[in-house]
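# Breakdown of the fold
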Amino acid sequence: VGTMSFLKRARDLLRIRNQLVRECLAELLSTFILIIITLSSSAQKVTSFETKGDLFTTYLAGALAVMVGIYIGGGISGAHMNPAFSLAMCLIEQFPWWKLPIFAVVQTLGSFISAGAVYMLYYGMELQHWARKPHSDAGVARLMDMLCLCPPDAIWYYSNGTLTVSGPRETASIFATYPADYVSIANGFLDQVIGTGVVIMGVMGIMDTRNKGVPKGMEPPIVALLILSVGCSMAANCGCPLNPARDFGPRLFTYVAGWGPEVFRWVEGRG
């Protein structure tokens, strides 16, 4: 009885009553889960030389991550996890405009934190750490060296110790998406407008109670199938990010973690 009473008091004390704060935390957590699963699947594919994953497994992991994110935050914040979706909700007057910048910042922050978690999980430092060899001049890499927080191999092993954005052993694409060599800026923009539009239209159709309808509680798996179908059909040009926060947050992390300003540059012939 004493334990139950203590837990009840602790729960009451820690309960967040401000609705906006609750929504922001739900959005942060759901976006974190979405991005950490998505980026980890990409890291596993790349660093294993595609022996433990391929394009389909990354698309599948990303789609299932959307499903998990919706189950986590859908009942509190709506689990937008995407500034483009939040904007669409504003345009149809299903979401207040004043919350849009707040949600966009929270979603980007969740993506940034997720990228940091994946970096810690896959960066790798065992041999380099004990040999006291620095991984990079970047502050984040030096901090990881001092704390020895990361497991061996992975990104360090795959990239031969060089964090690059282009080339046969580039690793920046683990975190952010980069267009194919043949894609122009205009075509890349159109690619994302169409792909994101298909996702938003599909989600709205699934959510519309006047439509054919989806069994209650089954919306997240159906949305996951939608994401999987778009990933399998519209990813050749730009990698199918479909989400500004999913791309910008991890891209910003790679900038500060050692990949440098090239992550924000468009280079002709590389994209």
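For clarity, every value in this text was computed on a predicted model and none was experimentally measured. (Residues numbered from 1 in each chain as written. Predicted model: local features only at pLDDT ≥ 70, side-chain atom pairs only at ≥ 80, totals over all residues. Heavy atoms only, no water.)

### Here we look at helix α10 (residues 219–233)
With 15 residues, α10 extends 21 Å from end C-alpha to end C-alpha; this agrees with the ideal 21 Å at 1.5 Å per step. Residues P220, P221, V223, A224, L226, I227, L228, V230 and G231 constitute the buried set of α10. Considering only its buried residues, α10 is in contact with α3 (55–73) and α9 (185–207). (Helix = DSSP H or I, 4+ residues; strand = E, 2+ residues; numbered from the N terminus. Expected span 1.5 Å × (residues − 1). Buried < 20%, exposed > 50% of the residue type's maximum accessible area, 1.4 Å probe, protein only. Contact = heavy atoms within 4.5 Å.)

### Looking at the packing of aromatic side chains
The geometry of an aromatic ring pair comes down to the distance between the two centres and the angle between the two planes. Within the structure shown, the criterion is met by nine aromatic pairs. On the numbers, 6.3 Å between centres and 40° between planes, the contact of F175 with F253 is tilted. Of this pair, F175 sits in the loop between α8 (154–159) and α9 while F253 is found in helix α11 (residues 244–259), placing the two residues 78 residues apart along the sequence. Look at F248 and F264: their rings are 6.1 Å apart centre to centre, the planes differ by 50°, and that puts the pair in the tilted class. Pair noted here: F248 is in helix α11 and F264 is in the segment after α11, with a separation of 16 residues, a long-range link. What makes F264 partly exposed here is its relative accessible area of 40%. Put simply, the rings of F112, Y119, F175, F253 and W259 touch in pairs and so form one group of aromatic residues. (Phe/Tyr/Trp six-rings, centres within 6.5 Å; stacked < 30°, edge-to-face > 60°.)

### Observations regarding the side chain of S42
Residue placement: S42 occurs in helix α2 (residues 19–47). Not counting residues up to four positions away in its chain, the partners in contact with S42 are T58, S173 and I174.

### Some details on the UniProt feature "transmembrane region" (unreviewed entry) in the protein chain
In this numbering, the UniProt entry assigns the feature "transmembrane region" (unreviewed entry) to residues 20–39, 59–79, 100–122 and 185–206. In residues 100–122, helix accounts for 100% and strand for 0%; the two terminal C-alpha atoms are 33 Å from one another. (UniProt positions renumbered as here; feature names shortened; annotations may be inferred.)

### Some details on a nonpolar patch on the surface
On the surface, L29, I37, V68 and I72 cluster together into a nonpolar patch covering about 270 Å² of accessible area. Elements supplying a minimum of two residues to the nonpolar patch: α2 and α3. For I37, a relative accessible area of 31% puts it in the partly exposed group. (Patch = residues over 30% accessible without salt bridge, like charges linked within 9 Å, V, L, I, M, F, W, Y side chains within 5 Å. Areas by Shrake-Rupley, 256 points an atom, 1.4 Å probe, with all protein chains shown as cover. Salt bridge = Lys/Arg side-chain N within 4 Å of Asp/Glu carboxyl O.)

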